[in-house]
Amino acid sequence: MHAVGLCEALLRAIEHRAGGVEVRAVEVKVGVLHEVSESSLRATFSVVAAGTVAARARLVVQIVPVHARCRRCDRSVQTSVVCDFCGSPDVSIDGGDEVVVESVTVVDTGSPWAGR
């Protein structure tokens, strides 16, 4: 069910950016901490977007890994549990929890802004 809420939020952002023009493609980045796969996100998006300007859009998904910084040794690590270098559990999450609409490509309507 989490994928539905995520896709609904994505759709609202996409519709806002598209300004009522049909959407051809969307590129999004989703952090791995959201625990959704590319395939489930695509399938859910196609259901949520049905009947909207994004109904026929191709969804390109990039899953972003966890990025954290150890507060003890100040190294960047790709884990959210313990530091890979010193073993400290005192890490702060810097990435892997984001949801970003990178780009929205709309159908060319002759407007100078179309296709951006």
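Provided above is the structure to which this section pertains.
Everything quoted here is computed from the prediction, not taken from an experiment.

Caption draft 1: Seen up close, the pairing of strand 3 (residues 67-70). Only one face of strand 3 is covered, namely the face carrying Ala-68 and Cys-70; the face carrying His-67 and Arg-69 is uncovered. Pairing between strand 3 and strand 5 (residues 91-95): four bridges, direction antiparallel. Counted as the bridge partner of Ala-68 is Ile-93 from strand 5. Here strand 3 pairs with strand 4 (residues 76-77) via two bridges, running antiparallel. By the bridge assignment, Arg-69 is partnered in strand 4 with Ser-76.

Caption draft 2: Structural detail: a nonpolar patch on the surface. Taken together, the side chains of Val-32, Leu-33 and Ile-93 present a nonpolar region at the surface, about 220 Å² in accessible area. Mapped onto the fold, Leu-33 is located in the loop between strand 1 (23-31) and helix 2 (38-48).

Caption draft 3: A look at the sheet that holds strand 1. The sheet built from three strands is open, its strands ordered 2-1-6 with mixed pairing. Across the chains shown, the open sheet's two edge strands, defined by having one partner strand only, are strand 2 (58-64) and strand 6 (99-106). Averaged over all neighbouring strand pairs, the angle between strand axes comes to 15°, with direction disregarded. Pairing between strand 1 and strand 2: seven bridges, direction parallel. Bridge assignment links Val-28 to a residue of strand 2, and that residue is Val-61. Where helix 1 (residues 2-18) meets the sheet, it contacts strand 1 and strand 6, and its direction lies at approximately 45° from that of strand 6. Against the sheet, helix 2 contacts strand 1 and strand 2, and its axis sits at roughly 145° relative to strand 2.

Caption draft 4: Broad picture of the nonpolar core. Ranked by size, the top nonpolar core spans 23 residues in total, and within it Ile-14, Val-23, Val-26, Val-28, Phe-45 and Ala-54 carry the most contacts. What Phe-45 contacts, discounting residues up to four positions off in sequence, is Cys-7, Leu-11, Ile-14, Ala-54 and Leu-59. Listed in part, the five residues of the second largest apolar core include Ala-68, Val-77, Cys-83 and Val-91.

Caption draft 5: Region of interest: helix 2. For helix 2, the set of buried residues is Leu-41, Thr-44, Phe-45 and Val-48. Take helix 2 and look down its axis: the buried residues cluster within an arc of 105°, on one side only. Opposite the packed face of helix 2, turned more than 90 degrees from it, sit the exposed residues Ser-39 and Val-47. Packed against the buried residues of helix 2 are helix 1, strand 1 and strand 2.

Caption draft 6: Quick look at the side chain of His-34. For His-34, the location among the structural elements is in the loop between strand 1 and helix 2. Within polar-contact distance, the side chain of His-34 engages the backbone oxygen of Asp-97 at 2.8 Å. If we ignore the near neighbours within four places in the chain, the residues touching His-34 are His-2, Gly-96, Asp-97, Glu-98 and Val-99.

Calculation notes
- Residues numbered from 1 in each chain as written.
- Predicted model: local features only at pLDDT ≥ 70, side-chain atom pairs only at ≥ 80, totals over all residues.
- Heavy atoms only, no water.
- Buried < 20%, exposed > 50% of the residue type's maximum accessible area, 1.4 Å probe, protein only.
- Helix = DSSP H or I, 4+ residues; strand = E, 2+ residues; numbered from the N terminus.
- Pairing = 2+ DSSP bridges.
- Patch = residues over 30% accessible without salt bridge, like charges linked within 9 Å, V, L, I, M, F, W, Y side chains within 5 Å.
- Areas by Shrake-Rupley, 256 points an atom, 1.4 Å probe, with all protein chains shown as cover.
- Salt bridge = Lys/Arg side-chain N within 4 Å of Asp/Glu carboxyl O.
- Axes fitted to C-alpha atoms, helices over the stretch in contact; angles between N-to-C directions.
- Contact = heavy atoms within 4.5 Å.
- Core = buried A, V, L, I, M, F, W, Y, C linked by side-chain atoms within 4.5 Å.
- Arc of directions from axis to C-beta.
- Polar contact = N/O pair within 3.5 Å; in protein donor to acceptor, adjacent residues only side chain to side chain.

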